[in-house]
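Spelled out, the chains give:
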Amino acid sequence: MKKALVAIGVDKTGGLPILKAAADGANKIATWAGNQGFDITLLTDKLAPVTLAAVTASIHELINKRIYDQLVVYFSGHGLLKGSNYEVWLLSGAPINPNEAVNVTGSIDLSRNCGISHVVFISDACRSIPNTIGMNYVLGGLIFPAEQPKPPSPEVDTFYATIPGNPALEVPPDEAATNYRGIFTDYLLKPLLGHVNGLAREIATPSGPKYVIPSRSLKTYLLNVVPEAASAVSIKLQQNPEIRVESDLPKYLGELVTAMPDFAAPPGTDPSGSRVPSFGPSLRSPSTSDALEMLKQSHFLGHKDLLSTEALKDDSGQAMSREIDELLNARGRVSFETRTGFTVHGVKVVSAMTTGTLCDVFEESGVSQVRVHIDPQSPILFAYRSLSTLIRFNSGSGVCLAALPGFIGTVVVAEEGRVLSVNYTPARGTPAYGEYEQVADDLERRRAFAAVAARNGSFTLDRKEATDAARYLRMLKSVDPTLGIYAAYAYAQVGGQEGVESVYRYMSENIYGYNPPVPFDVAMLAHRNGPWPEAYRFPPTMPMLTQGWALLGGLEHSMHPAALNARHHLIPSLWTAFTTEGMDILEESMTLGDFRWI
């Protein structure tokens, strides 16, 4: 097996606090990889600044050789969390030069087209949230080539030192740098160097048996030991990794020269089987990720019982249940005279405007309402219209959402302008409302769970779950389009392009005599490897989930300049939300009448 490593370590980034372990972490990984027979590219700032051009050229060169079976990309340094599942690595020139950064989410997505059968990303980032204008302008470049998919279809394993989830849980750069220890890298290397029993597997090779460390074994180990190691450094230091593994044997990450008698499991043993020695009582501290896994059924979209009694026994499970209950209590208006609009909880709406039509704002029982003026008797006239609604909050920040004819959107906002949840419910009096009434209780809990899970970076579906999810979405496509948005992202995250395309097809199908608008995010993900279709317009002409901005790819060149300019003013949030400056840009464009998809 021919293997390559690109190890990136950046201690000093722009005006941010200097890290003490980032470059050393890259050196440690490179030393291990050299002993494993990897071809190594080491990029650290010990001798010279690390640039995006250097990182991109290194990876492109390795891919263009067409000789590698495995490519590992490692990073240690400062990182930004722009939104749930939207991480950016900062290189030496950032944030002063906003182009000197890596769009991790988009690069993982492009790696699926590179033709290398096993790609591994390891992110030991000292991560924080953007807190300056310069940070907001950092979007990150793509380090993998933008090519059409080629065989073999890679299995992509992603190791995050901490879950890329709720931006509200992240801290400013100074505090992040103070807490950073490089713990994840140290504990990743322990089993790879043969210092941990019970993780190796035996595989057969032409030259005899070989003892290897697969990614799944590492996942089990790291999820247990890293939180405990972090708390040992400081009681205030919490670190819960997020590890997404697609590969199985015979693919693996590390090879051991020798194995202790009790070190290797018999050939063919499942990494999660009983032969793997237990670590004893769980070392992993209660976390959001734990609770979400407990709350999630094996096929999330295929079961009626979403919450189990077992899931509510510990503090984390109860916290997740409280978050879900809060969203369940934030109900939207049943209808408007126009049967189209929004109910906004948590903040006061001061203004709203919609492309192609009018809207008005009023308050009812202390909750802001936005009524979009659409003739409910002529939905077919709007079936191909991309209706974008700008809603500004009293803080000056706001959102741009799809106005879907015949639906009432419910928006839940935190005080700082972060949008926690968006969902759509058929307006009373529409044909779809009868379907909604039949499944209302079940649907409300499912979409509340989806919002909490996605906000914390843990809404994932494996390829086996895709079939059940698609079946469920087929039944409920006319009831709430946001479930389709969540599912499309979940499939894209694990390389399930067929699942993404099935969601798009289901949401495009004729309902009650007309084709409903498909949300921009679903259309974007479904066509990322093919031509952008011209038959439909997709509201609201920009990603509604923040992580979608990292996945625009070639579509970026077709988007309206106002939207591209406003993206420099995003609030770290699950759903796209703009600062006052971003809203000013969009409002000016819409007022001039030129805010449209071109």
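Below is a short write-up of the structure.

Rules used in this analysis
- Residues numbered from 1 in each chain as written.
- Predicted model: local features only at pLDDT ≥ 70, side-chain atom pairs only at ≥ 80, totals over all residues.
- Heavy atoms only, no water.
- Pairing = 2+ DSSP bridges.
- Helix = DSSP H or I, 4+ residues; strand = E, 2+ residues; numbered from the N terminus.
- Axes fitted to C-alpha atoms, helices over the stretch in contact; angles between N-to-C directions.
- Parallel < 35°, antiparallel > 145°, perpendicular 65-115°, else oblique.
- Left-handed = near helix turned anticlockwise from the far one by under 90°.
- Contact = heavy atoms within 4.5 Å.
- Nonpolar A, V, L, I, M, F, W, Y, C, P; charged D, E, K, R; others polar.
- Salt bridge = Lys/Arg side-chain N within 4 Å of Asp/Glu carboxyl O.
- Buried < 20%, exposed > 50% of the residue type's maximum accessible area, 1.4 Å probe, protein only.
- Expected span 1.5 Å × (residues − 1).

Remarks on the sheet that holds strand 17 (residues 388-393)
Then, in step 1: Within the open sheet, the three strands sit side by side as 14-17-18. Their pairing is antiparallel. Unpaired on one side and paired on the other, strand 14 (349-354) and strand 18 (398-402) mark the two borders of the sheet. Ignoring which end each strand starts from, the neighbouring axes of this sheet average 20° apart.
Then, in step 2: As defined by bridge partners, strand 14 adjoins strand 17 across five bridges and the pair is classed as antiparallel. For Ser-351, the partnering residue across the bridge sits in strand 17 and is Arg-392.

Re the packing of helix 1 (residues 22-36) against helix 6 (residues 183-192)
Then, in step 1: Running from N to C, helix 1 and helix 6 point in directions that differ by 15°, and their axes come no closer than 10 Å. Judged on the interaxial angle alone, helix 6 and helix 1 are roughly parallel. In the packing of helix 1 onto helix 6, the handedness of the crossing is left-handed. Note on element contacts: helix 6 touches helix 1 through Thr-185, Asp-186, Leu-188, Leu-189 and Leu-192, opposite Gly-25, Lys-28, Ile-29 and Trp-32.
Then, in step 2: Of the residues that constitute the contact of helix 1 with helix 6, the class distribution is five nonpolar, two polar and two charged.

Side note on the pattern of salt bridges
Then, in step 1: In the structure shown here, the tally under the stated rule is 16 salt bridges.
Then, in step 2: For Lys-46, the salt bridge identified is with Asp-24, shortest N-O distance 3.8 Å. Of the two residues, Lys-46 sits in the loop between strand 2 (39-44) and helix 2 (52-65) while Asp-24 sits in helix 1, which places them 22 residues apart along the sequence.
Then, in step 3: One salt bridge in this structure joins Lys-251 and Glu-155, with 3.4 Å as the shortest N-O distance. Highlighted residues: Lys-251 in the loop between strand 10 (242-244) and strand 11 (254-256) and Glu-155 in strand 7 (residues 155-160), separated in sequence by 96 residues.
Then, in step 4: What emerges from the salt-bridge pattern is a single network uniting Glu-337, Asp-360 and Arg-371.

Brief notes about the pairing of strand 17
Then, in step 1: Burial within strand 17 is extensive, with six of its six residues counted as buried.
Then, in step 2: The alternating pattern of strand 17 places Ser-388, Leu-390 and Arg-392 and Thr-389, Ile-391 and Phe-393 on opposite faces, both of which are buried.
Then, in step 3: One ladder, built from five bridges, connects strand 17 with strand 18; its direction is antiparallel. Bridge pairing in strand 18 links Thr-389 to Leu-401.
Then, in step 4: A loop of four residues connects strand 17 with strand 18, the two strands running antiparallel in sequence, and Gly-396 in this loop sits at a positive phi of about 100°.

Observations regarding the environment of Thr-44
Then, in step 1: You can see Thr-44 is positioned in strand 2.
Then, in step 2: C-alpha of Thr-44 to C-alpha of Ala-23: the two residues are 21 residues apart in sequence and 5.6 Å apart in space.
Then, in step 3: Setting aside anything within four residues of it in sequence, one finds Thr-44 in contact with Gly-9, Ala-23, Ala-26 and Val-50.

Focus: helix 1
Then, in step 1: With 15 residues, helix 1 should cover 21 Å at 1.5 Å per step; its first-to-last C-alpha distance of 21 Å lies within 8% of that length.
Then, in step 2: When we look at burial in helix 1, the residues that qualify are Ala-22, Ala-23, Gly-25, Ala-26, Ile-29, Ala-30, Trp-32, Ala-33 and Gln-36.
Then, in step 3: Considering only its buried residues, helix 1 is in contact with strand 1 (3-9), strand 2, strand 3 (70-83), helix 6 and strand 11.
Then, in step 4: Following helix 1 by one or two positions, Gly-37 adopts a phi angle in the positive range, close to 90°.

A short note on helix 12 (residues 481-493)
Then, in step 1: Compared with an ideal rise of 1.5 Å per residue, which puts 13 residues at 18 Å, helix 12 spans 19 Å between its outermost C-alpha atoms and is within 8% of the ideal.
Then, in step 2: Remark: Gly-495 follows helix 12 within two positions and exhibits a positive phi of approximately 75°.

Remarks on the sheet that holds strand 15 (residues 359-364)
Then, in step 1: With respect to topology, five strands assemble into an open sheet ordered 15-16-13-19-20, the strand pairing being mixed. If you trace the sheet from one side to the other, it starts and ends with strand 15 and strand 20 (419-426), each paired once. On average, each strand axis in the sheet is inclined to that of its neighbour by 20°, with strand direction left out of account.
Then, in step 2: Both strand 13 (residues 341-345) and strand 16 (residues 367-372) contribute to a ladder of four bridges, which runs antiparallel. When the sheet's bridge partners are listed, Val-344 is paired in strand 16 with Ser-368.

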